[in-house]
Amino acid sequence: MKFNWGTGVVIAFILFISFIMYFVISMNTDKSLDHDLVDENYYKQELEFQNDINKEKNAKTLASKVTWKKTTEGIVISFPADFEDKNITGKVFLYRPSNKQLDF
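Residues numbered from 1 in each chain as written. Predicted model: local features only at pLDDT ≥ 70, side-chain atom pairs only at ≥ 80, totals over all residues. Heavy atoms only, no water.

**Concerning the overall build of the chain**
Regarding its fold elements, the chain presents 3 helices and 2 strands. Reading the helices (α) and strands (β) of the chain from amino to carboxyl end gives α-α-α-β-β. A total of 104 residues make up the chain; the buried ones form 2% of that total. Sequence-distant contacts in the chain: of pairs separated by 6 or more residues, those separated by 24 or more amount to 25%. Accessible surface, the chain as shown: approximately 10200 Å² in total, 62% of it carbon and sulfur. (Helix = DSSP H or I, 4+ residues; strand = E, 2+ residues; numbered from the N terminus. Buried < 20%, exposed > 50% of the residue type's maximum accessible area, 1.4 Å probe, protein only. Contact = heavy atoms within 4.5 Å. Areas by Shrake-Rupley, 256 points an atom, 1.4 Å probe, with all protein chains shown as cover.)

Here it is, written out as structure tokens:
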């Protein structure tokens, strides 16, 4: 068998395709490189994003800010003194974008 430039091109294509396929398969099977979505309903959340922008604008107009700090027991959220405790309601969602099993 004679080795000419045509044979070299075919061998180069085969090596290149093998190289790409190796990385595609290794990236898809490696669990440390898992790429979950933060939320399954991301489109719905995108449509409601304007509400979040409005909430941030309202929070910035407060005379004293809502603060938080990390302690050994967890997270402590401090509200301004002029807020009434009875009127404060809400939910706190903590999520980890890299792994949805660690969300809570």
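**Digging into the packing of aromatic side chains**
Any aromatic ring pair is given by two values, namely how distant the centres are and how the planes are angled relative to each other. Applying the stated criterion across every chain, the model contains 3 aromatic pairs. With centroids separated by 5.1 Å and ring planes inclined at 70 degrees, the aromatic side chains of tyrosine 22 and phenylalanine 23 adopt a geometry described as edge-to-face. Looking at phenylalanine 23, the relative accessible area reads 38%, which means it is partly exposed. Feature note: the residues Phe19, Tyr22 and Phe23 constitute an aromatic cluster, connected by ring pairs. (Phe/Tyr/Trp six-rings, centres within 6.5 Å; stacked < 30°, edge-to-face > 60°.)

**Observations concerning the pairing of strand 1 (residues 67–70)**
Relative to strand 2 (residues 75–78), strand 1 runs antiparallel, the two sharing 4 bridges. The residue of strand 2 that forms the bridge with lysine 70 is isoleucine 75. The loop that links strand 1 with its antiparallel partner strand 2 comprises 4 residues; one of these, glycine 74, has a positive phi angle of about 150 degrees. (Pairing = 2+ DSSP bridges.)

**Here's the deal with helix 1 (residues 5–29)**
Note: α-helices contain 3.6 residues per turn, so residues at a spacing of three or four share the same orientation. In this model helix 1 runs 36 Å from its N-terminal to its C-terminal C-alpha over 25 residues, within 8% of the 36 Å that 1.5 Å per residue would give. You can read the cap of helix 1 off the contacts: a side-chain oxygen lies 3.2 Å from the backbone nitrogen of glycine 6, and it is on asparagine 4. (Expected span 1.5 Å × (residues − 1). Polar contact = N/O pair within 3.5 Å; in protein donor to acceptor, adjacent residues only side chain to side chain.)

**Looking at the environment of phenylalanine 3**
Considering the arrangement of structural elements, one finds phenylalanine 3 in the segment before helix 1. Not counting chain neighbours up to four residues away, the residues in contact with phenylalanine 3 comprise Gly8 and Ile11.

Keep in mind these values describe shape, not function.
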